[in-house]
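Structural characterization, general
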Amino acid sequence: MSARGHAFGIDIGGSGIKGAAVDLATGELVHHRIKIPTPHPATPKAVAETVARLVAEAGWDGPVGITLPCVVLDGVAHTAANVDPAWIGTDARTLFGSALGGRQVTVLNDADAAGLAEDRYGAAKDYAGLVMLLTFGTGIGSALLYHGTLVPNSELGHLEVGGMETEHRAAASVKERDGLSYEQWAARVSTVLIGLENLFWPTVFVAGGGISRDADHWIPLLTNRTPVIAADLKNTAGIVGAAMAVAAGIAP
């Protein structure tokens, strides 16, 4: 199955590999999201086999966009977060293309995919200029988009603000680890956002990650100057962004 105006996206995470066809006019999934548990260990071979199984289950026969929790340059993974270290140095585009019978494949960072989706269809769709997505989870993922154009692999979670990496200061996992209240954690997030806005002067921050579901508890407590809005697309953002990337020929 493939259809005009549709593209297929797959989002590879530490616990699940999720995929669906996407209507590129609306950003909505064409059918229910298919989810298969991520194999453990999440080696390149095991993940590629799972991706092929998911695409076969969906009955999709066109190009496929795929996210990885990795820095991806010219189809090659250069880091590995929540997947096996064997990914480092793997030509992921060639690997997935072979597993999927030689079809066209695009591979990109998972936060970058979410940023593409939120910028076009989600929380930031009405904002121009520089949009910065930050996903607060075990670490802090990031995506930068300028008037809809992706600046890939920004990795701002590793930027030092006040002598500490941003994700070590303000990831959602830090809130849980240190038993912080929302007020205490929001103060840390504000420090990070002030550092980032002084460097980049974004139009808006989009806050993603699981803790964004509780945005009403902490976004009003932030003290930085740039507007902060909660992500809209939640669990579908990576799928939608991956589909966008393969349809547009984006290949970081």
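Rules and cut-offs
- Residues numbered from 1 in each chain as written.
- Predicted model: local features only at pLDDT ≥ 70, side-chain atom pairs only at ≥ 80, totals over all residues.
- Heavy atoms only, no water.
- Domains from an automatic or database assignment.
- Helix = DSSP H or I, 4+ residues; strand = E, 2+ residues; numbered from the N terminus.
- Buried < 20%, exposed > 50% of the residue type's maximum accessible area, 1.4 Å probe, protein only.
- Core = buried A, V, L, I, M, F, W, Y, C linked by side-chain atoms within 4.5 Å.
- Contact = heavy atoms within 4.5 Å.
- Pairing = 2+ DSSP bridges.
- Axes fitted to C-alpha atoms, helices over the stretch in contact; angles between N-to-C directions.
- Salt bridge = Lys/Arg side-chain N within 4 Å of Asp/Glu carboxyl O.

Looking at the domain arrangement of the protein
Split by domain assignment, the protein resolves into domain 1 (6-110 + 238-248) and domain 2 (123-230). Relative placement of domain 1 and domain 2: their C-alpha centres are 25 Å apart.

Looking at the environment of Trp60
Inspection of the secondary structure assignment puts Trp60 in the loop between helix 1 (44-58) and strand 5 (64-68). Trp60 gets classed as buried once you look at its relative accessible area, which sits at 5%.

A word on the nonpolar core
Leu108, Leu116, Ala117, Val206, Val240 and Met244 are the most contacted members of the largest nonpolar core, which totals 29 residues. Taken together, the elements giving at least two residues each to this core come down to strand 2 (16-23), helix 3 (110-120), strand 9 (130-136), strand 10 (140-146), strand 14 (204-208) and helix 8 (237-248). Top contributing element to this core by residue count: helix 8, with 8 residues. Residues from two domains meet in this core; each of domain 1 (6-110 + 238-248) and domain 2 (123-230) gives at least three. Contacts of Leu116, omitting those with residues within four sequence positions, involve Leu108, Leu145, Gly148, Leu150, Gly241, Met244, Ala245 and Ile250.

Looking at the environment of Gly195
Relative to the assigned elements, Gly195 resides in helix 6 (residues 182-200). For the pair Gly195 and Glu160, spaced 35 residues apart in sequence, the C-alpha separation works out to 8.8 Å.

So, the sheet that holds strand 11 (residues 149-151)
Overall, mixed pairing links the 5 strands, which are arranged 11-10-9-14-15 in an open sheet. What marks the edges here is a single partner per strand, and that holds for strand 11 and strand 15 (228-230). Within this sheet the neighbouring strands show an average axis-to-axis angle of 30°, counted without direction. Pairing of strand 9 with strand 10 involves 7 bridges; the strand directions are antiparallel. Bridging across to strand 10, Met132 finds its partner in Leu144. Sheet strands in contact with helix 3 are strand 9, strand 10, strand 11 and strand 14, and its direction is about 45° off that of strand 10. In the packing of helix 6 onto the sheet, contacts are made with strand 9, strand 10, strand 14 and strand 15, and the angle to strand 9 comes to roughly 150°.

Regarding the pairing of strand 10
One face of the sheet, then the other: side chains in a regular strand alternate in exactly this way. Most of strand 10 sits inside the fold, with 6 of its 7 residues counted as buried. In this antiparallel pair of consecutive strands, strand 9 and strand 10, the connection spans 3 residues. In this structure, strand 10 lies alongside strand 11, joined through 3 bridges in antiparallel fashion. Pairing of Leu145 across the sheet is with Leu150, part of strand 11. As consecutive antiparallel partners, strand 10 and strand 11 are separated by 2 residues, and within that stretch His147 has a phi angle of approximately 50°, a positive value.

Overview of the pattern of salt bridges
Counted under the stated rule, the structure contains 5 salt bridges. As a salt-bridge pair, Arg177 and Asp178 come within 2.9 Å of each other at their nearest N and O atoms. Exposure remark for Arg177: the relative accessible area of 58% places this residue in the exposed category. Residue classification places Asp178 among the partly exposed positions, given a relative accessible area of 35%. The closest approach of N and O atoms between Arg188 and Asp178, which form a salt bridge, is 3.5 Å. Placement of Arg188 in helix 6 and of Asp178 in helix 5 (residues 172-178) is noted, with a sequence separation of 10 residues between them. Overall, the relative accessible area of 27% leaves Arg188 in the partly exposed class. Look at the salt bridges and you will find they share partners, linking Arg177, Asp178 and Arg188 into a network.

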